[in-house]
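# Report on the structure
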Amino acid sequence: GYDISKLLKETGNTTVDIGFVNTASCNSAITYIDGDAGILRYRGYPIEQLAEKSSFLEVSYLLIYGELPTTEQLEDFDQKIRRHTLLHEDLKAFFGGFPRDAHPMPVLSSAVSALGTFYQDSLDPFDKEQVEISTVRLMAKLPTIAAYAYKKSVGQPFLYPDNSLSLPENFLRMTFGFPAEPYDLDPDMVKALDLLLILHADHEQNCSTSTVRLVGSAQANLFNSVSAGIHALSGPLHGGANSAVLEMLGGIYDNGGDVDTFVKKVKNKEDGVKLMGFGHRVYKNYDPRAAIIKKSADTILNKDGVSDPLLDIALKLEQVALEDDYFVERKLYPNVDFYTGLIYKAMGFPTKMFTVLFALGRLPGWIAQWREMIEDPQTKIGRPRQIYVGETERDYTPISSR
Ligand code: ACO
């Protein structure tokens, strides 16, 4: 009902782009996506090659520093991270302040912003050494924080990190192990977790990354910027979709596994029901990450010969959707979240932890993007304009005459 030409005249050359569908906020040399072709590359390397040949630690180095590391560089990065996995004992006490059933995402985000209070001498965004130590601290401590958020939610004792272990191994042990008890690492689990972390490591200017950059553009420190990104990620339209998918599959299963009725509901947009884990702002083709996950899911999903009935529902849903005009016309394909929840569940993670795992994977991307933004001389504080559509000027009326 607005007179657009009048509004434009009033606001000069301001363009409206709700949801930033067609507006680039920055130049970036980190991640390339061709959404029509289903292509994803980190620093030029195809995601398929990184998934097959690299490790999460190496991919983190690549994203943050721009090149694949040499053996010495990777060893040095690994050693630094292993040295910083411990949390300050006072930060450990912080977890006690949350209710017993606290969702681990806000716990994660709060603990990350609290980290900054322990390192007040290294918060200057323009001091390269301080940014470097903050990078290492975040990479090293987020798995510990994530594991403690989990332990808190199940009422189990915390485990100190074991720095003889790699990042994914340490995280699995701190999550599922018990103090003073040996924990047998399952190589299939370690490999699956490492792969999932690689696939989530960056995705250019998505909602949480744009949040990290926007908060950082005000020269807020790395901890606060990443903490804000974790909050953005928690939403069901973003990282929260991985748990929403599992809830959706569980709901269909509880209703007798009737996929067709559910799809009909989605198509009729009944009660705003969506096919969670489908659709993407940029991909108008199969999400390459979903393709990799689906291909490698068998090892975990069929471990010990036990298969999850929710996988059958997911496969059927995908098949129905890929052949249905509603989804075909709108170019809705499975995104990264469609199959990840099933794998996390098979690994023993409760639904509440799924988005925390996404955050662990996305951390190097957030750090790389924040550093690129801070180092870019073109960066200005992010400050979008608006088209004002409220009341025109009017006189104040005393409360007695309203
Ligand atoms: N189920 C049913 N219909 C859908 C879905 C879906 N999952 N996604 C989009 N649509 C429909 C919309 O209703 C719209 O239909 P219309 O033209 O009849 O109005 C059309 O497809 C276009 O969708 P938009 O909402 O305009 O697409 P947008 O780019 O704004 O949203 C998003 C992208 C948020 C990912 C959306 O597809 C969605 O909500 N998907 C489900 C949640 C999800 O899986 N999120 C994870 C994204 S990936 C990630 O963060 C890792």
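A brief look at the structure comes next. Just so it is clear, the model here is predicted, and its values are computed rather than measured.

Here we take up the sheet that holds strand β1 (residues 31-34). Sheet architecture is open: three strands sit in the order β1-β2-β3, paired in antiparallel fashion. Among the strands making up the open sheet, the edge pair consists of β1 and β3 (45-46). As judged from the two bridges shared by strand β2 (residues 39-42) and β3, these two strands associate in the antiparallel manner. Counted as the bridge partner of Tyr42 is Tyr45 from β3.

What surrounds the ligand is a group of 19 residues, the closest being Ala241, Lys274, Leu275, Gly279 and Arg281. In terms of residue class, the shell around the ligand is built from eight nonpolar, seven polar and four charged.

A one-sided burial pattern is seen for β1, the buried positions being Thr31 and Ile33 and the unburied ones Tyr32 and Asp34. Of the pairings in the sheet, the one linking β1 to β2 comprises four bridges and is antiparallel in character. The residue of β2 that forms the bridge with Asp34 is Ile39. Turn length for the β1-β2 hairpin, with the two strands adjacent in sequence and antiparallel, is four residues, and the turn residue Gly38 shows positive phi of about 70°.

Bringing the packing of helix α6 (residues 104-118) against helix α19 (residues 354-375) into the picture now. Packed helices, taken two at a time, are described by their axes: the angle between them and the distance between them. Between α6 and α19, the least distance of the axes is 8 Å, while the angle of their chain directions is 35°. Where α6 approaches α19, its residues Pro104, Met105 and Leu108 are matched on the opposing element by Thr355, Val356 and Ala359. A per-class count over the contact of α6 with α19 returns five nonpolar, one polar and no charged.

Cut-offs and rules
Residues numbered from 1 in each chain as written. Predicted model: local features only at pLDDT ≥ 70, side-chain atom pairs only at ≥ 80, totals over all residues. Pairing = 2+ DSSP bridges. Helix = DSSP H or I, 4+ residues; strand = E, 2+ residues; numbered from the N terminus. Near = placed C-beta within 6 Å. Nonpolar A, V, L, I, M, F, W, Y, C, P; charged D, E, K, R; others polar. Buried ≥ 20, exposed ≤ 12 C-beta atoms within 10 Å, placed from the backbone. Axes fitted to C-alpha atoms, helices over the stretch in contact; angles between N-to-C directions. Contact = placed C-beta atoms within 7 Å.

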